[in-house]
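Here is what each chain is made of, one letter per residue.
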Amino acid sequence: MATRGVRTPGSRTGIASVVAPGLACVSIALGLLYLDGRRRERAYLEAVIRGDDLSEAEYDELLEAWGNLALFVPSLVSGTPGVALLGFGATLAVFELPAFRRRTPM
């Protein structure tokens with residue numbers, strides 16, 4: 001016979017097993033976005049500092065570095081499931097609150 005409204009030891013483990021990979025995915029995404037921002041910032045600063053001293057090839061190379069999505073796309077691929085897992089874990093945690101548990105008469 002199944003008992004309703006009783007906290008099972010596995011529920012906290014289930015929440016943790018969902019939230020932990022979600023945090024890992026989000027941290028990977030944030031790291032990749034940081035590296036992408038640093039690369040773009042470096043290209044922008046080099047273009048501003050060197051200004052007129054840039055050759056056409058160097059300028060094109062800086063523009064390519066600015067528009068390169070090599071780190072941005074993997075950050076989206078990692079961040080999207082990470083946020084989904086965090087949302088799922090938060091949903092599980094909310095339904096663990098006493099206000100959302102079903103009370104059965106004894």
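Residues numbered from 1 in each chain as written. Predicted model: local features only at pLDDT ≥ 70, side-chain atom pairs only at ≥ 80, totals over all residues. Heavy atoms only, no water.

A few words on a negative patch on the surface. Among the surface-exposed residues, Glu56, Asp60, Glu61 and Glu64 lie close enough to one another that they form a single negatively charged patch. Looking at where Glu61 falls in the secondary structure, it is placed in helix 2 (residues 56-67). (Patch = residues over 30% accessible without salt bridge, like charges linked within 9 Å, V, L, I, M, F, W, Y side chains within 5 Å. Areas by Shrake-Rupley, 256 points an atom, 1.4 Å probe, with all protein chains shown as cover. Salt bridge = Lys/Arg side-chain N within 4 Å of Asp/Glu carboxyl O. Lys, Arg positive; Asp, Glu negative; His and termini not counted. Charge placed at Lys NZ, Arg CZ, Asp CG, Glu CD. Helix = DSSP H or I, 4+ residues; strand = E, 2+ residues; numbered from the N terminus.)

On the surface, Leu30, Leu33, Leu69, Phe72, Val73, Leu76 and Val77 cluster together into a nonpolar patch covering about 600 Å² of accessible area. Secondary-structure elements contributing two or more residues to the nonpolar patch are helix 1 (9-50) and helix 3 (72-96). Among the structural elements, Phe72 can be located in helix 3.

Glancing now at helix 3. A rise of 1.5 Å per residue sets the reference length of helix 3, with its 25 residues, at 36 Å; its end C-alpha atoms lie 36 Å apart and thus fit the reference within 8%. Within helix 3 the residues assigned to the buried category are Ser75, Ser78, Gly79, Gly82, Gly89 and Glu96. (Expected span 1.5 Å × (residues − 1). Buried < 20%, exposed > 50% of the residue type's maximum accessible area, 1.4 Å probe, protein only.)

Moving on, we get to the side chain of Ser78. Topologically, Ser78 is positioned in helix 3. Since its relative accessible area comes to 12%, Ser78 is described here as buried. With residues near it in sequence (within four places) discarded, Ser78 still touches Cys25, Ile28 and Ala29. (Contact = heavy atoms within 4.5 Å.)

A few words now on the confidence of the model for the chain. Overall, the predicted model of the chain reaches an average pLDDT of 84, with 87% of residues at or above 70. The lowest-confidence element of the chain is helix 2, averaging 84 in pLDDT; the highest-confidence one is helix 3, averaging 91. (pLDDT = per-residue confidence, 0-100.)

Bringing the pattern of salt bridges into the picture now. Close approach of charged atoms allows side chains with opposite charge to pair. Overall, the coordinates contain 4 salt bridges when judged by the stated rule. As a salt-bridge pair, Arg40 and Asp36 come within 3.3 Å of each other at their nearest N and O atoms. With a gap of 4 residues between them, Arg40 and Asp36 both fall in helix 1, about one helical turn apart. Looking at Asp36, the relative accessible area reads 5%, which means it is buried. Of the charged contacts in the structure, one is a salt bridge between Arg50 and Glu46, with a shortest N-O distance of 3.2 Å. In this pair, Arg50 and Glu46 both sit in helix 1, 4 residues apart, roughly one turn of the helix. The partly exposed category is assigned to Glu46, whose relative accessible area is 33%.

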